[in-house]
Amino acid sequence: MTSSPGQHHFDILDSEVLLDAPIIAVRRDTLRMPGGGTGKREIVEHFGAVAVVAFDGANIALVHQYRHSVQRRLWELPAGILDIADEDPLVCAQRELTEEAGLAAKQWGLLTDLVCSPGFCEEGVRIFLAQDLSEVPQPDADDEEADMQLTWVALEEAKNMVLRGEIANSIAIAGIMIAADLVARGQGPRPVTDLFDLRPTSLSERRKAAGLGADMKRV
């Protein structure tokens, strides 16, 4: 029997892991479809991530980083993966801000949570607003981050970069535009304690069950 639109429950009839790599996994779920049949969906599992709009009252910190998937350097926010088991997203954001920008912040707020590619990937990202900034020692970088450049850009100019198509990273676009809107309204961010119910759990729960905790990328 076909259910009314918006009422069907997509039961998972079968699930198998096709790929298990350090920062992602790929699984195939078999779902019960609304018409009574079944369908297969491949899902990229992810730990989830955080990003930070570091705002000094006029400017924000942007990083210019090489991304091999698109084979170009992109303007992005300081960001990182939630690859430590059960780590508080705020703690992860504080660490990433230090590692990628050499900054600490006394004021933290929540801008938004988003899913980047919900058609096939479960990655959920929490974007923070960091204010009352100070410089702190920055650890040595490796891999792509050793090539990363940090630039301070006026918030209004960052917004214009988005509108001109110069910023393509969806996380950066969301963070910049929401931060700019809040500043224009004179409105504060949401509390960092708001529930992060978009944080994915499939990959982290499987890695924790395998005994990985401090670094769930070790497979």
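Residues numbered from 1 in each chain as written. Predicted model: local features only at pLDDT ≥ 70, side-chain atom pairs only at ≥ 80, totals over all residues. Heavy atoms only, no water.

Q: Help me understand the UniProt feature "domain: Nudix hydrolase" (unreviewed entry) in the chain in this model?
A: In the numbering used here, UniProt assigns the "domain: Nudix hydrolase" (unreviewed entry) feature to residues 45-175. With 21% helix and 43% strand, residues 45-175 has its two end C-alpha atoms placed 23 Å apart. (UniProt positions renumbered as here; feature names shortened; annotations may be inferred. Helix = DSSP H or I, 4+ residues; strand = E, 2+ residues; numbered from the N terminus.)

Q: Please explain a negative patch on the surface as it appears in this structure.
A: Taken together, the side chains of Asp140, Asp142, Asp143 and Glu144 define an acidic patch exposed on the protein surface. Considering the arrangement of structural elements, one finds Asp143 in the loop between strand S9 (124-135) and strand S10 (149-154). On the accessibility criterion, Asp143 (65% relative accessible area) is exposed. (Patch = residues over 30% accessible without salt bridge, like charges linked within 9 Å, V, L, I, M, F, W, Y side chains within 5 Å. Areas by Shrake-Rupley, 256 points an atom, 1.4 Å probe, with all protein chains shown as cover. Salt bridge = Lys/Arg side-chain N within 4 Å of Asp/Glu carboxyl O. Lys, Arg positive; Asp, Glu negative; His and termini not counted. Charge placed at Lys NZ, Arg CZ, Asp CG, Glu CD. Buried < 20%, exposed > 50% of the residue type's maximum accessible area, 1.4 Å probe, protein only.)

Q: Explain helix H4 (residues 202-209) to me, please; I cannot follow it from the model alone.
A: One turn of an α-helix holds 3.6 residues; hence residues three or four places apart share an orientation. Within H4, burial applies to Leu203, Ser204 and Arg207. What you see down the axis of H4 is that its buried residues fit within an arc of 95°, all on one side. Directly after H4, the chain includes Gly211, whose backbone phi takes a positive value near 95°. (Arc of directions from axis to C-beta.)

Q: I keep staring at helix H2 (residues 155-163) and nothing clicks. Help me out?
A: Those residues of H2 not exposed but buried are Leu155, Ala158, Met161 and Val162. Considered in projection along H2, the buried side chains sweep an arc of 110° and stay on one side of the axis. Buried residues belonging to H2 abut strand S5 (59-67), strand S6 (72-76), S10 and helix H3 (170-185). (Contact = heavy atoms within 4.5 Å.)

Q: Sorry if this is basic, but what is going on with the environment of Arg95 here?
A: In this fold, Arg95 is placed in helix H1 (residues 89-101). For the pair formed by Arg95 and Gly80, sequence separation is 15 residues and the distance between their alpha carbons is 8.8 Å.

Q: Just checking my understanding: could you explain the side chain of Asp83 for this structure?
A: Mapping Asp83 onto the fold places it in the loop between strand S7 (79-81) and H1. Not counting residues up to four positions away in its chain, the partners in contact with Asp83 are Phe47, Gly213, Ala214, Asp215, Met216 and Lys217.

Q: I tried to follow unusual backbone geometry on my own but got confused; where do I start?
A: Peptide bonds are mostly trans, and most non-glycine residues show a negative phi. For Asp86, which is not a glycine, the phi torsion comes out positive at approximately 65°. With respect to the helices and strands, the residue Asp86 is situated in the loop between S7 and H1. For Asp86, a relative accessible area of 60% puts it in the exposed group. Backbone geometry places Asp132, a non-glycine residue, at a positive phi of 55°. Inspection of the secondary structure puts Asp132 in strand S9.

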